[in-house]
Amino acid sequence: MTRRLQGQSPVFPVDVLVVGLGPGGGSAARIAAEGGARVLAVERRAAVGEPVQCAEFIPLPMGCHARDAAVYCQPITGMSTYLPSGVRHDSDFPGIMIHRGAFDRAIARQAERAGARLWTGTTLVGLDPVARVARVRQRGGMTSVTYRLLVAADGPHSSVAAHLGLPALELVQTRQYTVPLLKVHAETDIWLSGDYPGGYAWLFPKKGEANLGLGIDKRLTPDLKAPLDALHRTLVREGRVGAKILRRTGGAIPVGGLRGVLVHGEVLFVGDAAGLTHPITGGGIAPAVISGERAGGAAVAYLQGEDGALVDYDEEIRDLYQPGLDRAVARRRELIAAWRVSALDQDAPHRRGWIAFPEYLQDPPAREPGSHTPAPTTEERIPI
Ligand SMILES: Cc1cc2nc3c(=O)[nH]c(=O)nc-3n(C[C@H](O)[C@H](O)[C@H](O)COP(=O)(O)OP(=O)(O)OC[C@H]3O[C@@H](n4cnc5c(N)ncnc54)[C@H](O)[C@@H]3O)c2cc1C
């Protein structure tokens, strides 16, 4: 119930405030609400999941979230990776192409059904982590939300992190066109080349359409449009895609690995806001869902009096993802260092720097003296 203090904005008390309704926030809100907590999730966009900023691939283990006909698009069986020499490498890579807007909305709906309140068109604009009060802005004005726990699921530019004085994440920028797909197929195509410094280009099929995009480290080159247009022209010439651009999107992807600490007082970070996106592939939907679910579970346990639940959340996520992310960060650093010297137009550095090649997992990445390198985990082998 909203209370109004004299001369002040209304006050809305909750157990768990979730900031952001992407897959991470939706999952946290669902699990916390299912556990009986009073949950409010705020999303600055007017509609959950729109506009879509995604290439829309999820790995097979996420399939349980793609059963809805509005979410499921088509199966993916493999990945074809094109090296600078033109050599194509095919690997197994089972997954699903989804309609991402519907995917995010389906998770948010489950949270709502479990009892969570969802406020769209609502932006977190202020935070007092000591008093545990968040200020949110809506069209109708400001509201103060008092919380016992806050889940920061507000993506790569996390404003919660900024309010806590935490450093911004290292990011790669992307640009993507949705184009007609003239030859239907079931593989994701990846191009590694000196033309895409600090990143790669992709073509992900969605039945009669495809998401054609690239990610680039803007410290190495500022222009994303020219290389994407050039790849698009090549594929049009080859008769693989149509010339028409049906939709345009883009966005930032965290590539620096996990934040040093995932829990700050009563604030838990999940998904992109936690730095969980894979620094080589840019895949982040699965870790957002998984960390969101774990954070929701930790919130319920904490509210029921389990004092160690928040620390356990940090440890659990680190156990699951740290080895894979450490390796990816190390490989990325190697690639960036090489790129600073020359355009990477040889195959060898790309084979070492891309998840589909055995070289990627062959030897441990360079680490600080004295630290040990854990063996590759399942998550590392299925990194998107
Ligand atoms: C072009 C592109 C292609 C990608 N392709 C893939 C792919 O194919 N497969 C894959 O696994 N990953 C992909 N990713 C990465 C993936 O989209 C992210 O990892 C994923 O969305 C992370 O989910 P999240 O819930 O942590 O954050 P997000 O999905 O970013 O959700 C954060 C939400 O918080 C909201 N928000 C932000 N600030 C505030 C605020 N102050 N107040 C209220 N709300 C706020 C935002 O509006 C947003 O809805 C891609 C990313 C990009 C940019």
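Model, not experiment: these values are computed from the prediction.

Conventions and cut-offs
- Residues numbered from 1 in each chain as written.
- Predicted model: local features only at pLDDT ≥ 70, side-chain atom pairs only at ≥ 80, totals over all residues.
- Heavy atoms only, no water.
- Phe/Tyr/Trp six-rings, centres within 6.5 Å; stacked < 30°, edge-to-face > 60°.
- Helix = DSSP H or I, 4+ residues; strand = E, 2+ residues; numbered from the N terminus.
- Buried < 20%, exposed > 50% of the residue type's maximum accessible area, 1.4 Å probe, protein only.
- Domains from an automatic or database assignment.
- Contact = heavy atoms within 4.5 Å.
- Buried area = accessible area lost by both parts, 1.4 Å probe.
- Salt bridge = Lys/Arg side-chain N within 4 Å of Asp/Glu carboxyl O.
- Near = heavy atom within 4 Å.
- Polar contact = N/O pair within 3.5 Å; in protein donor to acceptor, adjacent residues only side chain to side chain.
- Areas by Shrake-Rupley, 256 points an atom, 1.4 Å probe, with all protein chains shown as cover.
- Nonpolar A, V, L, I, M, F, W, Y, C, P; charged D, E, K, R; others polar.

*Asks:* Hey, could you run me through the packing of aromatic side chains in this one?
*Replies:* Remark: the centre distance and the inter-plane angle together describe each pair of aromatic rings, the angle taken between the planes. This structure, assessed with the given rule, holds seven aromatic pairs. Relative to phenylalanine 93, the ring of phenylalanine 57 has its centre 5.1 Å away and its plane inclined at 10 degrees; by these criteria the two rings are stacked. Linking phenylalanine 57 in strand E5 (residues 57-59) with phenylalanine 93 in strand E7 (residues 88-98), this pair joins segments that are 36 residues apart in sequence. Judged by relative accessible area, phenylalanine 57 falls into the buried class, the value being 6%.

*Asks:* For this particular structure, what's the right way to read the domain arrangement of the protein chain?
*Replies:* What the domain assignment reports for the protein chain is domain 1 (1-72 + 99-170 + 255-384) and domain 2 (73-98 + 171-254). Computed over C-alpha atoms only, the centres of domain 1 and domain 2 are separated by 25 Å. The interface of domain 1 with domain 2 comprises 44 residues on the first partner and 44 residues on the second. For the pair domain 1 and domain 2, the summed buried surface comes to about 3,600 Å²; carbon and sulfur atoms form 65% of the total. Linking domain 1 with domain 2 are three salt bridges, by the criterion used here. For glutamate 170, the salt bridge identified is with arginine 219, shortest N-O distance 3.3 Å.

*Asks:* Explanation requested: the site of the ligand in the structure shown.
*Replies:* As a matter of local geometry, the ligand sits amid 38 residues, with Gly24, Glu43, Phe57, Arg100 and Asp272 nearest to it. Within the backbone of glycine 24, a nitrogen or oxygen atom sits 2.9 Å from an oxygen atom of the ligand. Glycine 284 is positioned such that a nitrogen or oxygen atom in its backbone is 3.0 Å from a nitrogen atom of the ligand. About the coverage of the ligand: the protein hides 93% of its 1,000 Å² of free accessible area. Counting residues per element, the shell around the ligand draws most heavily on strand E17 (residues 247-254), at three residues. Of the residues belonging to the shell around the ligand, the class tally is 16 nonpolar, 15 polar and seven charged. The two domains that each donate at least three residues to the shell around the ligand are domain 1 (1-72 + 99-170 + 255-384) and domain 2 (73-98 + 171-254).

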